Amino acid sequence: MKIQDLLELAGRNLRESKLRNSLTTLGIGVGVASLVAMLSLGVGLQELASNRLTRSGLFDQIAVYSRPEFRGFRSGEGGDRENPNRGRDLRPLDKAARLEIEKLPNVVEVYPEIRFTSEVRFGEKSQFTYVGGLTPSAKASDAFEKMQGTFFTSPNAEEVILQTRFAKTLADKPEDLLGHDVTLRYAERQALSSGASGGGSPAKKADAAGDSGGEGFSVVRRERNVRVVGIIETEPFGGMRSFGRGGIFIPLNLAEKLAPMGSSSSVRELLRTSASATTFQTLMVRMASPTHVMAAEKAIEDMGFSTFSIMEAMRNLRRFFAVLDLFLGIFGSVALAVASLGIINTLVMSVLERRREIGIMKALGASDRDVRRLFFAEAGSMGLLGGLLGVALGWVIGKAINFGTNIYLARQEFPPEKIWSVPWWLVAGAIGFAVLVSLAAGLYPASRAAKLDPVKALRYE
Amino acid sequence: MTQNGEIAIRTEDVRRHYAMGASTIPAVDGISLEMRAGEFVALLGSSGSGKSTLLNLIAGLDRPTAGAILVQGRDLAQMDSEELARYRRHTVGMVFQSFNLIPTMTLEENVELPARFAEVDRAERKELVRASLARVGLSARVTHRPSEMSGGEQQRAALARALVNKPSILLADEPTGNLDSKTGTEILNLIRECNDALRMTVVMVTHERALAEKYAARMIFLSDGKLAGNGGPR
Ligand SMILES: Nc1ncnc2c1ncn2[C@@H]1O[C@H](COP(=O)(O)OP(=O)(O)OP(=O)(O)O)[C@@H](O)[C@H]1O
Ligand SMILES: [Mg+2]
């Protein structure tokens, strides 16, 4: 029999006992709906979490440090502990290292974490605080979403963004500061070349201890005016991206130019490296996506540095979501399995009821295969209809849950969230799965119908 | 009505035994006979003598326990189920005592069914159905369901259905058993027309010897699954 005729006959058979078949189809629909509901809840929660976390800028970050000196990493020379030169084996986190890391695949940017203390003056008032450097990419942080004023006009702009908390110490109304200049007073490290001192007034001189060459540096006091362009409520990236707190922020390029001595934390490190070659205490590496973090981390560790990433630390979270999806899927599938029993029941009943009809069809030339395919077509059609119905139903249920959740969130004074997501693959997958399950459920009834002996079926009872 | 032509159906010592627990029931027990193409044969015998069983064997609905059934030179006993289905589709048409129309289908759909199984194109199918219904005089009732028709009409519909694929053999199992004699005569006249005009081989099971004598060219008597005697041409 041709497919078209098969579907036509199946369709009219389904219409013939409308009530029973629509109840069965509804059963499949409910099964599919629960599957869709469960999975889209899982997917939605996961999307919500990962969107949040991606936007938080935490998950595509790797922090790179030079190896701590007390831990051997290349050769296990345990007896070397007292050797003061041991540190020389350590790879410095310098410009060369930065370039090398930049060349790794999927690295978006590499920038030093720069944070130093500075005095900030506005009019009569003066306060000490931490100054943080911000890359242009930091603009994506939600901290700047509701800022007063604007983000830095250019990556090198001599501009500053204040935190409200700090701004309040300078002015009663923080927004009054917008557009005005504040003065930064900070210490700058300056290389000494052939005895000539750099500009500024040297406040302190130091020879680089342990360096046989005549190289050294001086620390000079500097002042710089910067314009207040923005005021933010919270720290960018919840203060976690840079792993430290700052009261005010300037463009990273500017911060690098200032090369304040505060960017190296330990005097020892300060002394160990030559002043002209900058070393970084921490380099932040931003990857194209969190999925690339692991590989890059490994590559950087192979270069001889220590790394830290939230991604690595949050591995368990992702495992949790995988397990959650699995459980929700199994839960949803149970309903579909129950629905498939409904199909089996309906079709077996139908075979019993239509014994005579099957016998007639065989007498008229239907082959066993035709009969089997007819029952399959009926099962598959119910599956398809049930699948469509279920997806629609699941979608409505999802909308409802989303709606309810948002009412709850609103009452708790949280912004609305989309905890519900029905991606196209879930729709297609659910319908396909419903058809497959239905066909599997039709297997037994269909083969029973096909095997029916027409002579017995036609013997009038 | 003498047909001198070739043999349409030949059975060779055909048997159909039913196992009932320990015993076996020999419903058809060693029947050898020949029917010529275009012949009208009546199968007679008391109830339980094996008439329907033999007819179902010839129809390819049942398989013999032993022996051969040769139709157009091919042995039905050797065919697989797919081949048997094709044989039923194209070579034989069947009419039953209880009409056996599918109650949920209209008259037209019932008649169309064998053509669907034969994978005839839709347009051609419509034409076959129309011609077949015209032959039995039911052109006006195409959208009616079996329950809306009289017994005679239902049997005519069943005949139209049996004819739709233009088979060469018509097998009828007590086609008038559920009809009054007037309607029965109508049906038998239609069957005779198939035999005359379409040159179909007709095998008809009946209880009524008078009808058999009137319509059939030859009578075959069964008793306990065996041949009891052959009535030659009148
Ligand atoms: N499936 C079966 N299992 C067991 N015995 C059967 C079966 N089918 C038929 N028989 C037996 O085979 C014998 C022949 O049956 P069949 O139906 O061919 O008789 P018949 O000549 O057509 O009778 P009737 O005139 O009443 O229709 C009967 O005794 C019947 O009981
Ligand atoms: Mg009988």
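One can find the structure itself at the top, above this paragraph.
Throughout what follows, the structure given in this document is the object of discussion. The structure displayed is predicted, hence computed values, not measured ones.

Conventions used here
Residues numbered from 1 in each chain as written. Chains lettered and ligands numbered in written order. Predicted model: local features only at pLDDT ≥ 70, side-chain atom pairs only at ≥ 80, totals over all residues. Heavy atoms only, no water. Near = heavy atom within 4 Å. Polar contact = N/O pair within 3.5 Å; in protein donor to acceptor, adjacent residues only side chain to side chain. Areas by Shrake-Rupley, 256 points an atom, 1.4 Å probe, with all protein chains shown as cover. Helix = DSSP H or I, 4+ residues; strand = E, 2+ residues; numbered from the N terminus. Nonpolar A, V, L, I, M, F, W, Y, C, P; charged D, E, K, R; others polar. Expected span 1.5 Å × (residues − 1). Buried < 20%, exposed > 50% of the residue type's maximum accessible area, 1.4 Å probe, protein only. Salt bridge = Lys/Arg side-chain N within 4 Å of Asp/Glu carboxyl O. Pairing = 2+ DSSP bridges. Contact = heavy atoms within 4.5 Å. Axes fitted to C-alpha atoms, helices over the stretch in contact; angles between N-to-C directions.

Thoughts on the site of ligand 1
With respect to spatial proximity, 15 residues lie near ligand 1, and among them Arg459(A), Ser47(B), Lys51(B), Ser52(B) and Thr53(B) are the closest. Per-site note: the chains with residues close to ligand 1 are chains A and B. Here an oxygen atom of ligand 1 sits 2.8 Å away from a polar atom, N or O, in the main chain of Gly48(B). Separating an oxygen atom of ligand 1 from a backbone N or O atom of Ser49(B) is a distance of 3.3 Å. Notes on ligand 1: free accessible area 640 Å², of which the protein chains cover 74%. Of all the secondary-structure elements, those providing two or more residues to the shell around ligand 1 are β1 (7-20), β2 (23-36) and α1 (51-58) of chain B. The dominant element in the shell around ligand 1, judged by the number of residues it contributes, is α1(B), at three residues. Residues that form the shell around ligand 1 fall into these classes: four nonpolar, eight polar and three charged.

Points about helix α1 (residues 3-16) of chain A
Between its terminal C-alpha atoms α1(A) stretches 20 Å, which fits the 20 Å expected from 14 residues at 1.5 Å a residue. Within α1(A) the residues assigned to the buried category are Asp5(A), Leu6(A), Leu9(A), Ala10(A), Arg12(A), Asn13(A) and Leu14(A).

A word on the pattern of salt bridges
Residues and elements named next belong to chain A. For the coordinates displayed, the defined rule picks out 39 salt bridges over all chains. Put simply, Glu102 and Arg98 hold a salt bridge, and the shortest N to O gap is 3.8 Å. You can see Glu102 and its partner Arg98 sitting in helix α3 (residues 95-102), four residues apart, about one turn around the helix. Residue classification places Arg98 among the buried residues on the basis of a relative accessible area of 16%.

Regarding the sheet that holds strand β5 (residues 74-75) of chain B
Read across the open sheet, the four strands follow the order β2-β1-β4-β5 (chain B); overall the sheet is antiparallel. Among the strands making up the open sheet, the edge pair consists of β2 and β5 of chain B.

So, the side chain of Arg12(A)
Residue position: Arg12(A) is located in helix α1. Within polar-contact distance, the side chain of Arg12(A) engages the side chain of Glu109(B) at 2.6 Å. Residues in contact with Arg12(A), not counting those within four places in the same chain, are Thr104(B), Met105(B), Glu109(B) and Arg145(B).

Some words on the sheet that holds strand β1 (residues 61-66) of chain A
Residues and elements named next belong to chain A. Read across the sheet, four strands follow the order β2-β11-β1-β12 without closing on themselves; strand pairing throughout is antiparallel. Each edge of the open sheet carries a strand with a single partner, namely β2 (107-112) and β12 (305-308). Each strand of the sheet is rotated relative to its neighbour by a mean of 25°, with strand direction disregarded. Of the pairings in the sheet, the one linking β1 to strand β11 (residues 282-287) comprises five bridges and is antiparallel in character. In the sheet register, Gln61 faces β11, and the bridge partner there is Arg286. In the packing of α3 onto the sheet, contacts are made with β1, β2, β11 and β12, and the angle to β2 comes to roughly 165°. Helix α7 (residues 293-303) contacts β1, β11 and β12 of the sheet and is inclined by roughly 155° relative to β12.

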